[in-house]
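Structure at a glance
So the chains spell out like this:
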There are 2 protein chains.
Amino acid sequence: MTDLPLTALTRVRRGAHHQITDRSALYDVVDGALAGTLAIVRDDRPVALPVGIARDGDDVLVHGSTGSDFFRRIAAGAPVCLTVTHLLGLKYARSLFDSSMRYRCAIVHAVASVVPPAEKETALLTLSEHLMPGRSDDVRPMTPREVAATMVLRIPLAEASVKDNAGSLVEVDDDGEDRSVWAGILPLRMSAGEPVTSPQTVPGTPVPASVRSAAERVAARGTA
Amino acid sequence: MTDLPLTALTRVRRGAHHQITDRSALYDVVDGALAGTLAIVRDDRPVALPVGIARDGDDVLVHGSTGSDFFRRIAAGAPVCLTVTHLLGLKYARSLFDSSMRYRCAIVHAVASVVPPAEKETALLTLSEHLMPGRSDDVRPMTPREVAATMVLRIPLAEASVKDNAGSLVEVDDDGEDRSVWAGILPLRMSAGEPVTSPQTVPGTPVPASVRSAAERVAARGTA
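Notes on the structure in this doc start here. (Residues numbered from 1 in each chain as written. Chains lettered and ligands numbered in written order. Predicted model: local features only at pLDDT ≥ 70, side-chain atom pairs only at ≥ 80, totals over all residues. Heavy atoms only, no water.)

Considering the relation of the copies chain B and chain A
Expressed as a screw operation, the relation of chain B to chain A combines 0.0 Å of axial shift with a rotation of 180°, fitting to an RMSD of 0.0 Å. Such a combination of turn and shift is consistent with a two-fold rotation axis. Within chain B, the C-alpha atom positioned nearest to the axis of rotation is that of Met190(B), 2.2 Å from it. A shared binding surface is used by both copies, with 100% of the interface residues of chain B retained as interface residues in chain A. (Least-squares fit on C-alpha atoms with pLDDT ≥ 70 in both. Contact = heavy atoms within 4.5 Å.)

Some details on the sheet that holds strand S8 (residues 113-114) of chain A
What the 4 strands build is an open sheet, ordered S4-S5-S9-S8 (chain A); its pairing is antiparallel. This sheet does not close on itself; its edge strands, each paired only once, are strand S4 (54-56) and S8 of chain A. (Pairing = 2+ DSSP bridges. Helix = DSSP H or I, 4+ residues; strand = E, 2+ residues; numbered from the N terminus.)

Digging into the side chain of His86(B)
All names here are of chain B. Position of His-86 relative to the elements: it lies in strand S6 (residues 80-92). According to the relative accessible area criterion, His-86 is buried, its value standing at 7%. For His-86, the side chain forms a polar contact with the main-chain oxygen of Val-29, separated by 2.9 Å. Not counting the four nearest positions on each side in its chain, His-86 is found in contact with Val-29, Gly-32, Ala-33, Arg-102, Tyr-103, Arg-104 and Thr-223. (Buried < 20%, exposed > 50% of the residue type's maximum accessible area, 1.4 Å probe, protein only. Polar contact = N/O pair within 3.5 Å; in protein donor to acceptor, adjacent residues only side chain to side chain.)

Section: the packing of aromatic side chains
Counting across every chain of the model gives 4 aromatic pairs over all chains. Aromatic side chains Phe70(B) and Phe71(B) sit 5.9 Å apart centroid to centroid with 75° between the ring planes, which places their arrangement in the edge-to-face category. The same class applies to Phe70(B) and to Phe71(B), which are both buried. Above the face of the Tyr27(A) ring, Arg55(A) is positioned so that its terminal group lies 3.9 Å from the ring centre. (Phe/Tyr/Trp six-rings, centres within 6.5 Å; stacked < 30°, edge-to-face > 60°. Lys NZ or Arg CZ within 6 Å of the ring centre and 35° of its normal.)

Brief notes about the interface of chain B and chain A
Taken together, the 97 residues of chain B in the interface contact 97 residues of chain A. Between chain B and chain A lies a buried interface of about 7,800 Å² when both sides are counted; carbon and sulfur atoms form 66% of it. Among the residues chain B hides against chain A, the three largest losses belong to Leu96(B), Trp182(B) and Gln200(B). Together they make up 10% of the total. The tally of links from chain B across to chain A stands at 2 salt bridges. (Buried area = accessible area lost by both parts, 1.4 Å probe. Salt bridge = Lys/Arg side-chain N within 4 Å of Asp/Glu carboxyl O.)

The structure is reproduced here in structure tokens:
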């Protein structure tokens, strides 16, 4: 696997020692997330919206309505910035100045391409399989009209940076700070609650294994 | 409290029925979050980074290094888009098409202003109090050098949209979908783990009440 290239867009400028150029770290950040924030430039201003994501090889897939102005602009070639952040905890240092959030994030710069009609259903199933593994076997197939109403965009993971300050528990020995002040990390993690059944479901319908396993997956990795 | 204005920037274009114009809903989204994604335009491309946030009245405060190119551009008047997203769950509908993420998000469009030196320490304490309530009493005061090295930006909450699809469990009666397929919500929530003490802390130093209460606060609201 090739390293992520350091370019004018991807070189981390602040806290550069937290930058990771290992491509597998990028994949881990994306694979461990259900959603990211997708930013574009519209009329010279930034606009950033939350989107569901799924990795497909060296790309990230996102989907939206074919009627969405935001997605249409991206389809027409507007550059995007996809930011995926895992908030892992709060770092309580011995001063406010050195205190911080503990996080891992990926920032992807790209021009997306529209997934062509012939590949759209497969791409939607890839998204579904990441967001709700196994669910496609529980429900009816997509209709051609549903597939037609959805736009799928492919965002290449070619130019991306990963920043991870999770290792920053270590203190400098001679920083002069008072060791009798407690310092440490408060870990934060995502978990899933009990599934809530829609009241219109036929009474007695069990919660499917796909939903149970989605909850277990969130619990295992601690992120959505 | 005045409603949030519907402008060209804030009118939700897709899923407009999920838009909330109640200003208190915006405050709730911001107050329930530790971090957001801050986007700017740099060299005609979008760039979006995760930032810690805290509300101060009708503004959001963010802070960064005075040496940060990203923050300097914002200080110089680059328009920002601040996106704050709470992922609340997965909605398992009876079709993949109607399935979605359950979320609440705020999107703020603004030009930020730099908090002047005389107000910076107070603004930093506001940020600290939101991100780590009570912690400022545990640690030494900030030094003038630390305050000087930090830039605080004030983002007005004047032009913002809030979107909340958490009520979308309800199904349309005559949608033709098979009610023997399970449908419902898998709730997602944030929780805090046990605090991890930095090994350089004097042995026996107890975990402060401020850290314990931060963990309780995350547990109570289910978001970071």
